[in-house]
Amino acid sequence: MKINAAIVGTGASTFGRFLPQSQLGLAAEAFKAALEDSGLKREEIDGLSMHMGSPLGLDYDRVADGLGLNIRYVNQGWTHGRFVTNALQHAALAVSAGMAEVVACVTAISFTRERAILGGPGDIEGHREEGGTHGESPPYGLTAPAGGAAIAMQRYMARYGTTSEELAAVPMQIRRHALRNPDAIMQQELTLEDHQSSRMVVDPLHLFDCCLITDGAVVTFVTTEERARDLRQKPVRIAGMQGIRSGRDEFIFAPPGLGISQQPESDSASRPVDREVYGLAGVSRDDVQGLYTYDAFSPLVLFTLERFGFCGTGEAAGFVQNGTIGPGGRLPVNTNGGLLSEAHVAGWNHMREITRQIRGTAGDRQIPGAEVLQWGTVWGDSIIFTA
Amino acid sequence: MTEITAKPLPRLDGPEAPFWAGLREGEIRVQHCVACGTPRFPASRFCPECHSDRAEWRAVEPRGEVESHCTFHKCYFPGFVGDMPYTVIQVRLDCGLRFFSNIADGGRPATGQRVAAVFEPATADVVLLKFAPEDGA
């Protein structure tokens, strides 16, 4: 089946910490904004692809009921950030297959209300007997996603001699994007000194290597290219996609080959299987004008750059120096400010930014002539968006 | 109050039961494939190498090397508040399997440090697998 799908609407709630609204309240705010943006009517939304269910987010039946929708297609992912790509991919597949005309991808999360999920007593999945979903091993105090990212970064540092000062380029450059985004929560410049003097969260990760913990919602509408042509906005075409990778080679927060948990060790170099998305989209990696990734922790940006082969193995810390990934850089990364500096809406704030960039409405952040943008994660899935 | 301040404990009644029983008796027992001999952990129904469903729990050498580590300065789980900051290590046993653990007595190791298992009682029923620098290492 050929993918026939485009993003035709996007809307967001306010992003913030300890917002008074319920998840459903945030979803409604974002949903209304997406209707306004797209020109679609509520009655035309007949599919739902939910990223995060309860308790962090909302379950599909609650959304359909609460927003007054009549739905004939539903997908709901695991309550983990990693299912962001999957939720959008299922929306694209559903409209391509005619299972729905317009699928709303809805993500409404209250991290500040459910903090105990992040490595505390509320983290049910972290306590799974065979190990948590980010390598958690609670009896030994390895109880939070940051732990898995930190232990992977420490190994990467030992292998390649990378320093915390070099890693700092990631949050510093992403912050520079955020300064151009009025929706971003972080609005002050981040200097190397700020980064180095910030408290350790899980050594070697400083405070500013860790993403924001926020509340917010984003709604994204996906329909076919034919339907998209009749709508208000310039369509953002989903040109190609590759799925989440899984198996013994994979540890959620490490590139294959780094040797975290039971991963076999290798040189971690990008393999053809990591780069299928370009061929499927009919573009080459050199065509990509901006990269968007799940920057829950700054090392994940390095690992993603290497996984897709933007640089060689062990070279990403060098690659990100001198503004390469910042505003006006050779490969801008997360021009919205990402999870590190805009807000943590599980990557959907990045999807909203991709949409604005392809439309050419990103204001001060606009990548000139943006026609090919990539979403790709350290766990290996990806989507190429084109004009 | 006890519930909130206690450290998380493993469950002892699942597929990993023989591992926890082994620790109580001073051994690191993991599944070994009867067909091809490959050790594996965590427990699984089939051998990831040859897909045989025949496995037995046998002890492995309780020695290995510290491959990586991280140090928690933020207390995510209230039970660890008295240990802050504490270090988690990744140990690769000589048999090739890896475990997340701690240095017994709370030390902070160097990458590449040789270590030997320490069987550390946590409760009357639970013994945890921790490590200490190997003699002379």
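Because the structure is a prediction, the values reported are computed rather than measured. (Residues numbered from 1 in each chain as written. Chains lettered and ligands numbered in written order. Predicted model: local features only at pLDDT ≥ 70, side-chain atom pairs only at ≥ 80, totals over all residues. Heavy atoms only, no water.)

## Structural notes on the domain arrangement of chain B
Residue and element names in this part refer to chain B. Per the domain assignment, the segments of chain B are domain 1 (15–60) and domain 2 (61–137). Distance from the C-alpha centre of domain 1 to the C-alpha centre of domain 2: 21 Å. Taken together, the contacts link 12 residues of domain 1 with 12 residues of domain 2. Approximately 1,000 Å² of surface area, both sides summed, lies buried where domain 1 meets domain 2, with 79% of it carried by carbon and sulfur atoms. Of all residues in domain 1, the largest losses of buried area upon contact with domain 2 belong to Leu 23, Ile 28 and Val 60, amounting jointly to 48% of the total for that side. Remark: the boundary between domain 1 and domain 2 carries 0 salt bridges. (Domains from an automatic or database assignment. Contact = heavy atoms within 4.5 Å. Buried area = accessible area lost by both parts, 1.4 Å probe. Salt bridge = Lys/Arg side-chain N within 4 Å of Asp/Glu carboxyl O.)

## Considering the sheet that holds strand 2 (residues 47–50) of chain A
Residues and elements named next belong to chain A. Pairing is mixed in the open sheet, where 9 strands are placed in the order 3-2-4-7-1-8-11-10-9. Looking at the sheet topology across the chains shown, the edges are occupied by strand 3 (73–76) and strand 9 (290–292). Each strand axis lies, on average, 25 degrees off the axis of its neighbour in the sheet, ignoring direction. Bridge analysis of strand 1 (residues 6–12) against strand 7 (residues 215–223) gives 6 bridges, and the strand direction is antiparallel. Residue Ala 6 lies in a different strand from strand 7, and its bridge partner there is Thr 223. (Pairing = 2+ DSSP bridges. Helix = DSSP H or I, 4+ residues; strand = E, 2+ residues; numbered from the N terminus. Axes fitted to C-alpha atoms, helices over the stretch in contact; angles between N-to-C directions.)

## With respect to the environment of A:Met157
All names here are of chain A. Take Met 157: it is sitting in helix 4 (residues 145–160). A relative accessible area of 13% places Met 157 in the buried class. The spacing of Met 157 and Glu 101 is 56 residues in sequence and 48 Å in space, taken between C-alpha atoms. (Buried < 20%, exposed > 50% of the residue type's maximum accessible area, 1.4 Å probe, protein only.)

## Looking at the pairing of strand 5 (residues 86–93) of chain B
Residue and element names in this part refer to chain B. Counting buried positions along strand 5 gives 7 out of 8 residues, so the element sits mostly inside the fold. Here 8 bridges tie strand 4 (residues 63–72) to strand 5, and the two strands are oriented antiparallel to one another. Note that in strand 5 the partner of Phe 72 across the bridge is Tyr 86. For strand 5 and strand 6 (residues 98–101), the ladder comprises 4 bridges, and the chain directions are antiparallel. Looking at the pairing, Ile 89 lines up with Ser 101 of strand 6. Between the end of strand 5 and the start of strand 6, which pair antiparallel, lie 4 residues, with Gly 96 showing a positive phi angle near 105 degrees.

## Describing the pattern of salt bridges
Residue and element names in this part refer to chain A. This model, assessed by the stated rule, comprises 30 salt bridges over all chains. The partner of Arg 352 in a salt bridge is Asp 183, and the shortest N-O contact between them spans 3.0 Å. Here the residue Arg 352 occupies a position in helix 13 (residues 348–359), and Asp 183 occupies one in the loop between helix 6 (169–178) and helix 7 (192–197), the gap between them amounting to 169 residues. Arg 352 sits in the buried class, given a relative accessible area of 13%. The class for Asp 183 is partly exposed, based on a relative accessible area of 32%.

## As for unusual backbone geometry
The linkage connecting A:Ser54 with the following residue, A:Pro55, adopts the cis geometry, with an omega of 5 degrees. Its place among the elements puts A:Pro55 in the loop between strand 2 and helix 2 (60–66). In this model, B:Met84 is joined to B:Pro85 through a cis peptide bond whose omega is -20 degrees. Along the chain, the position of B:Pro85 falls in the loop between strand 4 and strand 5. Positive phi, close to 60 degrees, is recorded for A:Asn322, a residue that is not glycine.

## Structural notes on the side chain of B:Asn102
As for its position among the elements, B:Asn102 is in the loop between strand 6 and strand 7 (114–121). A distance of 2.9 Å separates a polar side-chain atom of B:Asn102 from the backbone oxygen of A:Tyr140. There is a polar contact of 3.0 Å between the side chain of B:Asn102 and the backbone oxygen of B:Thr87. Contact partners of B:Asn102, with chain neighbours within four places excluded, come to A:Tyr140, B:Thr87, B:Val88, B:Ile89, B:Lys130 and B:Phe131. (Polar contact = N/O pair within 3.5 Å; in protein donor to acceptor, adjacent residues only side chain to side chain.)

## Some words on the packing of aromatic side chains
Scanning the entire structure with this criterion turns up 14 aromatic pairs over all chains. When the centroid spacing of 5.7 Å and the interplanar angle of 70 degrees are considered together, the rings of A:Phe253 and A:Phe297 count as edge-to-face. Separated by 44 residues along the polypeptide, A:Phe253 in the loop between strand 8 (236–242) and helix 9 (276–281) and A:Phe297 in the loop between strand 9 and helix 10 (298–307) bring together distant segments of the chain. When sorted by exposure, A:Phe253 lands in the same class as A:Phe297, which is buried. Aromatic pair B:Phe19 and B:Phe99: ring centres 5.7 Å apart, planes at 10 degrees, arrangement stacked. Of the two residues, B:Phe19 sits in helix 2 (residues 17–24) while B:Phe99 sits in strand 6, which places them 80 residues apart along the sequence. (Phe/Tyr/Trp six-rings, centres within 6.5 Å; stacked < 30°, edge-to-face > 60°.)

## Focus on the environment of A:Val170
Residues and elements named next belong to chain A. Take Val 170: it is sitting in helix 6. Look at Val 170 and you get buried, because its relative accessible area is 0%. When the C-alpha positions of Val 170 and Gln 23 are compared, they lie 30 Å apart, and in sequence the two are 147 residues distant. Discounting residues that sit within four places of it in the chain, Val 170 has contacts with Ser 298, Val 301, Leu 302, Val 320, Ile 325 and Leu 340.

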